[in-house]
Amino acid sequence: QPQVSLKTRRIIGAEALVRWRHPELGLVSPAKFIPVAEEAGLVVQIGEWVLRESARQMTEWIEQGLELQSMSVNVSGVQVQRSNFADTVYGILVETGCDPTLLELEITESVVMNNTEYVISVFERIKEPGVRLAIDDFGTGYSSLSYLKRLPLDKLKIDQSFVRDLTHDPDDKAIAGAVIALARSLGLKVIAEGVETQDQVDMLVEMGCDDVQGYFYGKPVPALQFAAVLMKDKQ
């Protein structure tokens, strides 16, 4: 799914979203197959495959001359808790030839809070070659803000639950504004997800949000189709 700069209104990044292309059921949402994968003990393997394919695809796009600043990939708590996660990331970067500065890993607050000290040490290692780090669904978890000043973060992601009613719910507007102000004070970028209307875009611009993603700018599409969308956007 494309990620768009509110300053230039151009596509500047992508988020990799996995779907299961079932021969009979068609595209199956991760909400349906990830729980099954967890029960079968396959989440780590799927996560590594997604990360590897994302890095490979990003390298291919850059070699084709397509201009993208980042490829965001969701990382599960199960992956992070594995003792060799940082080594896995390093190995994938070497294997695919992906520029580390073009890869952005997204984790949720709950991942951090489950084992804060360990997670911080893991991501400090991962940050060394230049990989970026973002907190996904920020504000939806039960967590302490103290980890924000300790994790080597680059970005906060405003959850779509706060964006959906942004234009007519003062509480959602206040929360989104607070996230943006907090990020600014910490020197972090902010991206809002689930953006579907021009009114939401206008309000996020007014509030100083950096980037957005959502159906207003584009639905998730296969890589080949995304490349066509990107080329059209740059014309």
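Worth saying up front: this structure is predicted, and the values here are computed from it rather than measured. What you see as residue numbers is a count from 1 along each chain, following the sequence as written. Local features in a predicted model are, by the rule used here, given only for residues with pLDDT of at least 70; side-chain atom pairs are given and counted only at 80 or more, and totals for whole chains, interfaces and linings are based on all residues. Water and hydrogen atoms were dropped before computing side-chain values, which therefore reflect all heavy atoms in the structure.

K.L.:
Hey, could you go over the nonpolar core for me, with residue numbers and the actual values?
P.N.:
Side-chain atoms within 4.5 Å are what join buried Ala, Val, Leu, Ile, Met, Phe, Trp, Tyr and Cys residues into a set we call a nonpolar core. Only protein chains enter the area calculation, which uses a 1.4 Å probe; residues under 20% of their type maximum are buried, those over 50% are exposed, and those in between are partly exposed. Residues Leu105 and Phe123 are the most contacted members of the largest nonpolar core, which totals 63 residues. Not counting residues within four places of it along the chain, the set of residues in contact with Leu105 comprises Leu51, Val73, Val75, Phe85, Val89, Phe123, Ile126, Val131, Arg132, Leu133 and Ala134. Here a residue-residue contact requires only that any non-hydrogen atoms of the pair lie within 4.5 Å.

K.L.:
Can you tell me about the side chain of Asp211, naming the residues and giving the values?
P.N.:
Numbering of helices and strands starts at the N terminus; helices are DSSP runs of H or I of at least 4 residues and strands are runs of E of at least 2. With respect to the helices and strands, the residue Asp211 is situated in strand E10 (residues 211-212). A polar contact of 3.4 Å, which involves the side chain of Asp211, links it to the side chain of Lys189. Ignoring sequence-local partners within four residues, the contact set of Asp211 consists of Val4, Ser5, Leu6, Ile12, Lys155, Lys189, Val190, Ile191 and Ala192. Side-chain atoms alone can form a polar contact between residues adjacent in sequence; in general such a contact is a pair of N or O atoms within 3.5 Å, and within protein one must be able to donate a hydrogen while the other accepts it.

K.L.:
Please give an account of the pattern of salt bridges that cites residues and values.
P.N.:
Definition used for salt bridges: Asp or Glu carboxyl oxygen within 4 Å of a side-chain nitrogen of Lys or Arg. Tallying each qualifying case throughout the model produces 12 salt bridges. Residue Lys127 is joined to Asp154 by a salt bridge in which the shortest nitrogen-to-oxygen separation is 2.6 Å. Here Lys127, found in helix H6 (residues 116-127), pairs with Asp154, found in the loop between strand E7 (132-138) and strand E8 (155-158); they are 27 residues apart in sequence, far enough to count as distant. Between Asp211 and Lys189 there is a salt bridge; the shortest N-O distance is 3.4 Å. Of the two residues, Asp211 sits in strand E10 while Lys189 sits in strand E9 (residues 189-192), which places them 22 residues apart along the sequence. A residue is classified by how much of its surface remains accessible, and Lys189, at 36% relative accessible area, is partly exposed. What you see here is one network of salt bridges that share partners, running through Glu15, Glu106, Lys157 and Glu193.

K.L.:
Summarise helix H9 (residues 198-207); cite the residues concerned and give the values.
P.N.:
Where H9 is concerned, the buried positions are Gln200, Val201, Met203, Leu204 and Met207. Axial view of H9: buried residues confined to an arc of 165°, hence all on one face. Of the exposed residues in H9, those oriented more than 90 degrees away from the buried face are Asp199 and Glu206. Taken together, the buried residues of H9 touch helix H7 (160-163), helix H8 (170-186), E9 and E10. Just beyond H9, the residue with positive phi is Gly208, at close to 90°. Taking the helix axis as origin, the arc is that swept by the directions to the C-beta atoms.

K.L.:
I'd love a proper account of the confidence of the model for the protein chain, names of residues and values included.
P.N.:
On average, residues of the protein chain score 92 in pLDDT, and 98% of them are at 70 or above. Per residue, pLDDT captures the predictor's confidence, and it can take any value from 0 to 100. For the protein chain, per-element mean pLDDT is lowest for helix H5 (residues 109-114), which scores 81, and highest for E10, which scores 98.

K.L.:
Tell me what's going on with unusual backbone geometry, and back it up with residues and numbers.
P.N.:
Backbone geometry places Arg9, a non-glycine residue, at a positive phi of 60°. For Arg9, a relative accessible area of 36% translates into the label partly exposed. Located in the positive-phi region is Asp137, a residue other than glycine, with phi close to 55°. Residue position: Asp137 is located in strand E7.

K.L.:
So what about the packing of helix H2 (residues 43-63) against helix H4 (residues 85-96)? Which residues, and what values?
P.N.:
Packing of H2 against H4 leaves a shortest axis separation of 9 Å and a crossing angle of 35°. As for the relative orientation of H2 and H4, their crossing is right-handed in sense. Of the residues in H4, those in contact with Glu48, Leu51, Arg52, Ala55, Arg56 and Thr59 of H2 are Thr88, Val89, Ile92, Glu95 and Thr96. Only Asp, Glu, Lys and Arg are considered charged, only Ala, Val, Leu, Ile, Met, Phe, Trp, Tyr, Cys and Pro nonpolar, and every remaining residue, Gly among them, polar. When the residues that make up the contact of H2 with H4 are grouped by side-chain class, the tally is four nonpolar, three polar and four charged. Interaxial angles span 0 to 180 degrees and are taken between N-to-C directions of axes, which are lines fitted to C-alpha atoms, for helices over the stretch in contact. Crossing handedness is read from the near helix: turned anticlockwise from the far helix by less than a right angle, it gives a left-handed crossing, and turned clockwise, a right-handed one.

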